[in-house]
Amino acid sequence: EAYPSADPAYPIDLEEVMRGLAGREITSPVIIRLPGILEHRMRELRRVFDAAIAEGGYGGGYSCAYPIKVNQERHVCEVIRDVGARIGFGLEVGSKPELIAGLALTQGFNEMPLVCNGFKDAEYIETVVLAAKMGRNIIPVVERVTELRLIYESATAHEVLPTFGIRAKLASAGVGRWADSSGIRGKFGLTVGEILQAVDYLKSENLLGGLKMLHCHVGSQLFDIRAVKYMVSEMAHLYVELVRAGAPLEILDIGGGLGVDYDGSQSASESSINYTLEQYASDVVYRVQSVCDEAGLPHPNLMTESGRALVAHSSVLVCEVIGSRVFPADPDMGLVERSLAAEDPPQPLLDVYQAYRRSADTEDLAEVYADAEHALSEAIGLFNLGYMDLISRATCEELYWSIGASVLSHFGDDLPESLSHLPDRLADLYFVNLSVFQSLLDSWGIDQLFPIMPIHRLDEEPMRRGILADITCDSDGRVDRFPGDGEAKTTLELHSARGGGAFGQSGDTDPYYLGIFLTGAYQETLGDLHNLIGDTNAVHVTLGDDGRWRIDAIVEGESVRDVLSYVQFDPKEIRKTLRSDIESAMEEGRLTLREGASLRRFLDQGLEGYTYLE
Ligand code: PLP
């Protein structure tokens, strides 16, 4: 269940939503976006900063400019824009296409801050300057020294003094994956020396009056609060020095980095954070305040560009298990008898069989298992040399799996250290209708953990342990690390098909849905077209005043036709050539008329269809 209003009295049952979607022929995988959660996160950020500001008697205000790169989907951005307009938040863009999207989104919202980061050319700067002249609250941030000259030229040409910021290259580093986003070798921003030169240049060109913002971004997912503290202290001191040098700074923008506790461990580790929203806000406010008070300077307005922390929670990706592979706990005794009855059975086969027999009545299962493992590796060696037949090898494997299953059930949670690899080796494989490369890129690319669990059957203990394999033809297309107790788990607790057994084989036709949570940030736009598997369907689900959920928007996923066009295949041309191929096959009697018609229909439907299994 999801609680978009944070009130347990008004849940949204995700399984019920999936049933509702099925009724509308919207199939999984599907992203369920919950704008209520997004609004709640935004209001929480507003609340914690307001509280810290009020508590410390801080003289400036706070705003967050949401970086649209974190999730550029128009519906998501519009929710942020609409809620943002009510609570004083803005948007951030980092490229020319994002600038156009940002200008479109803030149309009719002249007051809304629109921060423009990223490398800029003359066209970019001129667009910003003209938008400012038009009345927009748009703030370009200088990332490279050369951009100052572009601002000068544009300001002179259009006789306007734009408001702008400078991004500082701090010595403070981010942490983990993003440690290199800042520091002297960081890609963006001006060094302290360059900032001083910039101030002189701006003075000489009469532009210093426009320098209102000091900006930095040291990296995403700052999981250790100490990194936040260092960064804010350095920024506050830089602010003080620049104001003393004559810069009329009013806004201190400390960028993104506010992290998300993906694994719930509340620790300083890559998929977690060791602080709360309250601690983040009060640290930022307190540090800036104390440095400014010491210098006797007014407190600047504070700004963050929190992206991940706003949107991650608001999307859940639901996918269906389309099959599972389970190692049989009992060997096929027919197979065993056949291979033992052969003339002169190979020694490793006899050894595994011995181990299997002993496993039924010994306490020393660890030793039995070690014998079986050794015998299996000898069996495979013999097979590879051509000295063992297929039936004997299959028997060895079946017996070995069965011994493994007995060992696991015997030891339960007290598995000896020497056998700690066994649960992974014997874990089930759950095939999910999903592409990790399209929908969970950070799981593949940077080993980020996402909470995953079934969205139903929650009153039944999940008795299986498995990993997830996606439908791409890439062995990397799997998820085999999950949030655990302090450390990542290598298997996930999952159910068997109803009535027991493996999915896809047991005759259970009820769907088994898994929810992959906290996927609202970065995953949607980072995803790629590996194997030409395209965007998933997405729906926006909100709670009505009557406490019932409803679907506000449906965004259909990509069709086969769409993804083929991205790689310059012309679907019309494909259809034409394949149709003529079918025609010739019918003429020459290789296909009947009926078969030809079926193939043509499959082809037409296939082109318009979803890129996932249906
Ligand atoms: N601001 C800038 C300049 C960024 O490059 C980024 C992302 O890397 C962000 C803000 C958003 O960061 P986060 O999602 O960690 O809040």
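Residues numbered from 1 in each chain as written. Predicted model: local features only at pLDDT ≥ 70, side-chain atom pairs only at ≥ 80, totals over all residues. Heavy atoms only, no water.

**Student:** An account of the sheet that holds strand E8 (residues 251-253) is needed here, citing residue identities and associated values.
**Tutor:** Spatial ordering of the closed barrel is given by E2-E3-E4-E5-E6-E7-E8-E9, a layout of 8 strands whose pairing is parallel. For this sheet, the mean inter-axis angle between neighbouring strands, taken without regard to orientation, is 25 degrees. Relative to strand E9 (residues 301-304), strand E2 (residues 62-67) is paired through 3 bridges, and the arrangement is parallel. From the neighbouring strand, Cys-64 faces E9, where its bridge partner is Thr-304. (Pairing = 2+ DSSP bridges. Helix = DSSP H or I, 4+ residues; strand = E, 2+ residues; numbered from the N terminus. Axes fitted to C-alpha atoms, helices over the stretch in contact; angles between N-to-C directions.)

**Student:** Which residues make up unusual backbone geometry, and what values do they have?
**Tutor:** With an omega of 0 degrees, the peptide bond running from Ser-28 to Pro-29 counts as cis. As for its placement among the helices and strands, Pro-29 is situated in the loop between helix H1 (14-23) and strand E1 (30-33). In this model, Gln-221 sits at a positive phi of 45 degrees, which is unusual for a non-glycine residue. Residue placement: Gln-221 occurs in the loop between strand E7 (211-215) and helix H8 (225-244).

**Student:** Give me the packing of helix H12 (residues 347-359) against helix H13 (residues 365-384): which residues, what numbers.
**Tutor:** The geometry of H12 relative to H13 is characterised by a closest axis approach of 8 Å and an angle of 160 degrees between their N-to-C directions. One finds that H12 runs roughly antiparallel with respect to H13. H13 is crossed by H12, and the crossing has left-handed handedness. Mapping the contact onto sequence places Pro-348, Asp-351, Val-352, Ala-355, Arg-358 and Ser-359 in H12 and Leu-365, Glu-367, Val-368, Asp-371, Ala-372, Ala-375, Leu-376, Glu-378, Ala-379 and Leu-382 in H13. Grouping the constituent residues of the contact of H12 with H13 by class yields 10 nonpolar, 1 polar and 5 charged. (Parallel < 35°, antiparallel > 145°, perpendicular 65-115°, else oblique. Left-handed = near helix turned anticlockwise from the far one by under 90°. Contact = heavy atoms within 4.5 Å. Nonpolar A, V, L, I, M, F, W, Y, C, P; charged D, E, K, R; others polar.)

**Student:** Which residues make up the state of the cysteines, and what values do they have?
**Tutor:** Within this structure, the stated rule accounts for 0 disulfides. Counting only cysteine sulfurs, Cys-64 is the nearest neighbor of Cys-77, a cysteine outside any disulfide, at a range of 12 Å. For Cys-77, a relative accessible area of 1% gives the class buried. With no disulfide partner, Cys-216 has as its closest neighbouring cysteine sulfur the one in Cys-64, 14 Å distant. With a relative accessible area of 0%, Cys-216 lands in the buried category. (Disulfide = S-S within 2.5 Å. Buried < 20%, exposed > 50% of the residue type's maximum accessible area, 1.4 Å probe, protein only.)

**Student:** Residue-level account of the pattern of salt bridges, with values.
**Tutor:** If you walk through the whole model with that rule in mind, you get 34 salt bridges. The closest approach of N and O atoms between Lys-229 and Asp-283, which form a salt bridge, is 3.3 Å. With Lys-229 in helix H8 and Asp-283 in helix H9 (residues 277-295), this residue pair connects regions lying 54 residues apart in the sequence. With relative accessibility at 24%, the residue Lys-229 sits in the partly exposed group. The exposure class assigned to Asp-283 is buried, which follows from its relative accessible area of 12%. Through salt bridges that share partners, Arg-457, Glu-460, Arg-498 and Asp-510 make up one connected network. (Salt bridge = Lys/Arg side-chain N within 4 Å of Asp/Glu carboxyl O.)

**Student:** So what about the site of the ligand? Which residues, and what values?
**Tutor:** Taken together, 16 residues are adjacent to the ligand, and Ser-220, Glu-305, Gly-307, Arg-308 and Tyr-522 come closest. Ser-220 has a polar side-chain atom sitting 2.5 Å from an oxygen atom of the ligand. Between the ligand and Glu-305 there is a distance of 2.6 Å, counted from a nitrogen atom to a side-chain nitrogen or oxygen. Contact with the protein chains hides 91% of the accessible area of the ligand, taken as 400 Å² for the molecule alone. Considering only residue class, the shell around the ligand consists of 3 nonpolar, 8 polar and 5 charged. (Near = heavy atom within 4 Å. Polar contact = N/O pair within 3.5 Å; in protein donor to acceptor, adjacent residues only side chain to side chain. Areas by Shrake-Rupley, 256 points an atom, 1.4 Å probe, with all protein chains shown as cover.)

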